[in-house]
Amino acid sequence: TLPTLTTPFASLSSSITKRNVHPTIVGGKLSMVATDTTEGRTIMDAAVVARVAFVAGDTSSGYGKTSPEPNPAWSTVASQLARRMSNFGGVNEEDGSDKISAVSFPVDTLKLNDLVGFDIVIALGVNSSEDEARLVGALETASSNSG
C-alpha cells in the first residue's frame, strides 16, 4: 500500500519504513516526532524524522492561474514543495539541520532504487502507463528493501 496522509500536515504514515510522523509539543515547542510502528518506540532524537520523495510528471498542473508563472508543470510544483517541506518539521536544536528532508524526482528518469529509504512518497501528475509502471517498480523496490 502507498503511504497515506491521515490529516493534512498532522499525521503522516508510511508503510515503506513503518514510521508515523506527527507534531508534538516538546519542551514547550512544536516539534515533529517519529514513532517506529514496528517497535512502538518514539524517535525524538533522530536528526531526520521523515524523508519525503516527490515523484512528478511533466504535464501541466492546472494550478497557479494568477501567479507570475501560471499553470506550472507538475515537476516544477514538486521541486517547489520539496524546497518548502523542511518548513513543516522544524530544526534540530544541536546543529540547526532540518528534521524533514525532501527531494523531487522526475518520473521519466526514476530508477528502481531511487525511492529506497524514503518514509513518504508523493506522486504528482504521473499520467502515462509507462510512468506509472516506473513508479510502481520503484515503490516495490523500496518496500522490499525496508527493514
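Preceding block: the structure.
None of these values were measured; they are calculated from a predicted model.

(A) Quick look at the sheet that holds strand 6 (residues 50-56). Taken together, the three strands give an open sheet; going across it, the order is 7-6-8, and neighbouring strands pair in parallel fashion. The open sheet terminates on both sides in strands that have one partner only, identified here as strand 7 (100-106) and strand 8 (120-124). Sheet twist, expressed as the average angle between the axes of neighbouring strands with direction ignored, equals 20°. Inspection of the sheet shows strand 6 paired to strand 7 by seven bridges, in the parallel sense. The residue of strand 7 that forms the bridge with V52 is A102. Sitting on the sheet, helix 1 (residues 74-84) touches strand 6, strand 7 and strand 8, and the angle it makes with strand 6 is about 165°.

(B) Focus on the packing of aromatic side chains. A complete count under the given rule lists two aromatic pairs for this structure. On the basis of an interplanar angle of 70° and a centroid distance of 5.7 Å, the ring pair of Y63 and W74 is categorised as edge-to-face. With Y63 in the loop between strand 6 and helix 1 and W74 in helix 1, this residue pair connects regions lying eleven residues apart in the sequence. W74 sits in the buried class, given a relative accessible area of 16%. Judged by centre distance (5.9 Å) and plane angle (90°), the rings of F105 and F118 are edge-to-face. Of the two residues, F105 is situated in strand 7 and F118 in the loop between strand 7 and strand 8; the sequence distance between them amounts to 13 residues. An identical accessibility class is assigned to F105 and F118; each is buried.

(C) View of helix 2 (residues 129-144). A rise of 1.5 Å per residue sets the reference length of helix 2, with its 16 residues, at 22 Å; its end C-alpha atoms lie 22 Å apart and thus fit the reference within 8%. The elements touched by buried residues of helix 2 are strand 6 and strand 8.

(D) Looking closely at the pattern of salt bridges. Following the criterion strictly, the structure yields three salt bridges and no others. Linking R134 and E130 is a salt bridge whose minimum nitrogen-to-oxygen distance equals 3.4 Å. Placement of the pair is R134 and E130 together in helix 2, with a separation of four residues, close to one helical turn. R134 sits in the partly exposed class, given a relative accessible area of 23%. Among the salt bridges present, the one from D131 reaches R134, with a minimum N-O distance of 3.0 Å. Separated by three residues within a single helix, D131 and R134 lie in helix 2, roughly one turn from each other. What makes D131 buried here is its relative accessible area of 15%. The structure contains a network of salt bridges with shared partners spanning E130, D131 and R134.

Reading the values: the criteria
Residues numbered from 1 in each chain as written. Predicted model: local features only at pLDDT ≥ 70, side-chain atom pairs only at ≥ 80, totals over all residues. Heavy atoms only, no water. Pairing = 2+ DSSP bridges. Helix = DSSP H or I, 4+ residues; strand = E, 2+ residues; numbered from the N terminus. Axes fitted to C-alpha atoms, helices over the stretch in contact; angles between N-to-C directions. Contact = heavy atoms within 4.5 Å. Phe/Tyr/Trp six-rings, centres within 6.5 Å; stacked < 30°, edge-to-face > 60°. Buried < 20%, exposed > 50% of the residue type's maximum accessible area, 1.4 Å probe, protein only. Expected span 1.5 Å × (residues − 1). Salt bridge = Lys/Arg side-chain N within 4 Å of Asp/Glu carboxyl O.

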